[in-house]
Amino acid sequence: TGTRPFMSIDLMDPSSTVKHLYRHDLESFFHVLMFFTAHYQDGKEIDDPPLEEWLTLGGQALRNHKVNFISESLPTLTP
């Protein structure tokens, strides 16, 4: 179990038989780190931050978004 926006991609797959491993905790930490660093700039929360949709997406849509985030491109942050 866990907070879906920060869960490991492997553990979000309902058909997966993967057991929880330490690497899933490391991946979860990565998602938390990316989410919160994308929400702040110079110590202030930014308006309309990237990855905000992680809070509203669910199930397979969230899993797909996270896979794309990791494997294809990082969001562009403007100074």
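Please refer to the structure higher up on the page.
Only a predicted model underlies this, so the values are computations on that prediction, with no experimental measurement involved.

Colleague: What am I meant to see in a nonpolar patch on the surface here?
Modeller: A surface patch of nonpolar side chains, amounting to about 360 Å² of accessible area, comprises Leu21, Tyr22 and Leu26. Position of leucine 26 among the secondary structure elements: in helix 2 (residues 22-39).

Colleague: Help me understand helix 3 (residues 59-71), please; the structure alone is not making it clear to me.
Modeller: For helix 3, spanning 13 residues, the distance from its first C-alpha to its last is 19 Å, which sits close to the expected 18 Å at 1.5 Å a residue. Along helix 3, the residues that are buried comprise Leu62, Arg63, Lys66 and Phe69. One face of helix 3 carries all of its buried residues, which in axial projection span an arc of 125°. Buried residues in helix 3 make contact with helix 1 (9-12) and helix 2.

Colleague: When you look at the nonpolar core in this model, what are you seeing that I'm missing?
Modeller: Among soluble globular proteins, nonpolar side chains are generally buried collectively. Judged by nonpolar contacts, Phe6, Met7, Met12, Phe35, Ala38, Leu51, Trp54, Leu62 and Phe69 together constitute the single largest core of nine residues. Those elements that provide at least two residues to this core are helix 2 and helix 3. Setting aside chain neighbours within four positions, we find leucine 62 in contact with Arg4, Pro5, Met12, Trp54 and Leu57.

Colleague: It is not clear to me how the packing of aromatic side chains should be interpreted in this structure. Could you clarify?
Modeller: For any pair of aromatic rings, the description rests on two quantities: the centre-to-centre distance and the angle between the ring planes. Per the counting criterion, the structure on display carries six aromatic pairs. Arranged with centres 6.4 Å apart and planes meeting at 20°, the rings of phenylalanine 35 and tryptophan 54 form a pair that is stacked. With phenylalanine 35 in helix 2 and tryptophan 54 in the loop between strand 2 (44-45) and helix 3, this pair connects stretches of sequence that are 19 residues apart. Of the two residues, phenylalanine 35 and tryptophan 54, both sit in the buried class. Ring centres of tryptophan 54 and phenylalanine 69 lie 5.6 Å apart, and the angle between their planes is 85°; this geometry places the pair in the edge-to-face category. Pair noted here: tryptophan 54 is in the loop between strand 2 and helix 3 and phenylalanine 69 is in helix 3, with a separation of 15 residues, a long-range link. On the basis of relative accessibility, which here comes to 6%, the residue phenylalanine 69 falls in the buried class. The rings of Phe6, Phe30, Phe35, Phe36, Trp54 and Phe69 are connected pair by pair, giving a single aromatic cluster.

Criteria and thresholds
- Residues numbered from 1 in each chain as written.
- Predicted model: local features only at pLDDT ≥ 70, side-chain atom pairs only at ≥ 80, totals over all residues.
- Heavy atoms only, no water.
- Patch = residues over 30% accessible without salt bridge, like charges linked within 9 Å, V, L, I, M, F, W, Y side chains within 5 Å.
- Areas by Shrake-Rupley, 256 points an atom, 1.4 Å probe, with all protein chains shown as cover.
- Salt bridge = Lys/Arg side-chain N within 4 Å of Asp/Glu carboxyl O.
- Helix = DSSP H or I, 4+ residues; strand = E, 2+ residues; numbered from the N terminus.
- Expected span 1.5 Å × (residues − 1).
- Buried < 20%, exposed > 50% of the residue type's maximum accessible area, 1.4 Å probe, protein only.
- Arc of directions from axis to C-beta.
- Contact = heavy atoms within 4.5 Å.
- Core = buried A, V, L, I, M, F, W, Y, C linked by side-chain atoms within 4.5 Å.
- Phe/Tyr/Trp six-rings, centres within 6.5 Å; stacked < 30°, edge-to-face > 60°.

Read these as layout, nothing more, since geometry by itself doesn't imply function.
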